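# Descriptive analysis of the structure
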Amino acid sequence: MSRGQKIQQLLDYCMRREQLPALVAEVQERNSAQFARYAERLGDISALGTSKVFANSESTRHTVSLQRQLTEARENLRLIEERIAEL
């Protein structure tokens, strides 16, 4: 799995569990220079993990919704594959 894929999985995980603020805080603590460089792109950090952060863009909301659905579908597929393997 590539680094980008791992990052995407981490982001998806945190979004599903509304833990993006905790992730952002951890990134800020571990790499404050890079965090400062990109912080303005985050917008309202307190809203991360909720629909508020995406309220400015219908396209972004749609994309996030599709990403969540895809993530849920992948998890369901994994569970199905596990059950099939048990048979």
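The structure under discussion appears in the preceding block.
Residues numbered from 1 in each chain as written. Predicted model: local features only at pLDDT ≥ 70, side-chain atom pairs only at ≥ 80, totals over all residues. Heavy atoms only, no water.

## Looking at a nonpolar patch on the surface
Note the threshold: Like charges within 9 Å and nonpolar side chains (Val, Leu, Ile, Met, Phe, Trp, Tyr) within 5 Å are joined into patches, using only residues over 30% in relative accessible area that form no salt bridge. Accessible surface area values rest on a Shrake-Rupley calculation with a 1.4 Å probe, where residue burial reflects the displayed protein chains alone. We define a salt bridge as a side-chain nitrogen of Lys or Arg found within 4 Å of a carboxyl oxygen belonging to Asp or Glu. Secondary structure follows DSSP: runs of H or I at least 4 residues long count as helices, runs of E at least 2 residues long count as strands, and numbering of each begins at the N terminus.
Together, Ile-80, Ile-84 and Leu-87 give the surface a local cluster of nonpolar side chains, amounting to about 370 Å² of exposed area. Assignment of secondary structure puts Ile-84 in helix 4 (residues 58-86).

## Quick notes on the side chain of Asp-12
Rules: The definition of a polar contact used here is a pair of N or O atoms within 3.5 Å, where within protein one atom must be able to donate a hydrogen and the other to accept one, and adjacent residues in sequence count solely through side-chain atom pairs.
With respect to the helices, strands and loops of the structure, Asp-12 is situated in helix 1 (residues 3-16). Separated by 3.5 Å, the side chains of Asp-12 and Thr-71 make a polar contact.

## Concerning the layout of surface pockets
Counted only if it meets this: Residues are called lining when one of their atoms sits within 4 Å of a cavity or pocket point, these points coming from a 1 Å grid over the protein atoms alone, where a cavity is a set in which a 1.4 Å probe fits but cannot get out and a pocket is an open set with protein on both sides within 12 Å along at least five of seven lines. Grid points are joined across faces, edges and corners, and a volume is the space filled by probe spheres set on the points.
Estimated volume of the second largest pocket: approximately 280 Å³. Around the second largest pocket, the lining residues are Gln-5, Gln-8, Gln-9, Asp-12, Tyr-13, Arg-16, Thr-71, Glu-72, Arg-74, Glu-75 and Arg-78. Going through the elements one at a time, helix 1 and helix 4 are the ones with two or more residues in the lining of the second largest pocket.

## Focus on the nonpolar core
The test is simple: Throughout this description, the term nonpolar core refers to a set of buried Ala, Val, Leu, Ile, Met, Phe, Trp, Tyr and Cys residues connected via side-chain atoms within 4.5 Å. Type-normalised accessible area, obtained with a 1.4 Å probe on protein chains alone, sets the label of each residue: buried when under 20%, exposed when over 50%, and partly exposed for intermediate values.
Core analysis: the largest hydrophobic core is formed by five residues, namely Cys-14, Met-15, Leu-20, Leu-23 and Val-64. For this core, the elements supplying multiple residues, two or more each, are helix 1 and helix 2 (20-30).

## Considerations on empty space enclosed by the protein
Filter applied, for reference: All amino acids are sorted into three groups, where Ala, Val, Leu, Ile, Met, Phe, Trp, Tyr, Cys and Pro are nonpolar, Asp, Glu, Lys and Arg are charged, and the leftover types, Gly among them, are polar.
A full pass over the atoms with the stated rule returns one cavity of 30 Å³ or more. For the largest cavity, the full set of lining residues is Asp-12, Met-15, Arg-16, Val-64, Gln-67, Arg-68 and Thr-71. Counting residues per element, the ones that place at least two in the lining of the largest cavity are helix 1 and helix 4. Ranked by residue count, the leading element in the lining of the largest cavity is helix 4, at four residues. The residue makeup of the lining of the largest cavity, split by class, is two nonpolar, two polar and three charged.

That's the geometry; what it means functionally is another story.
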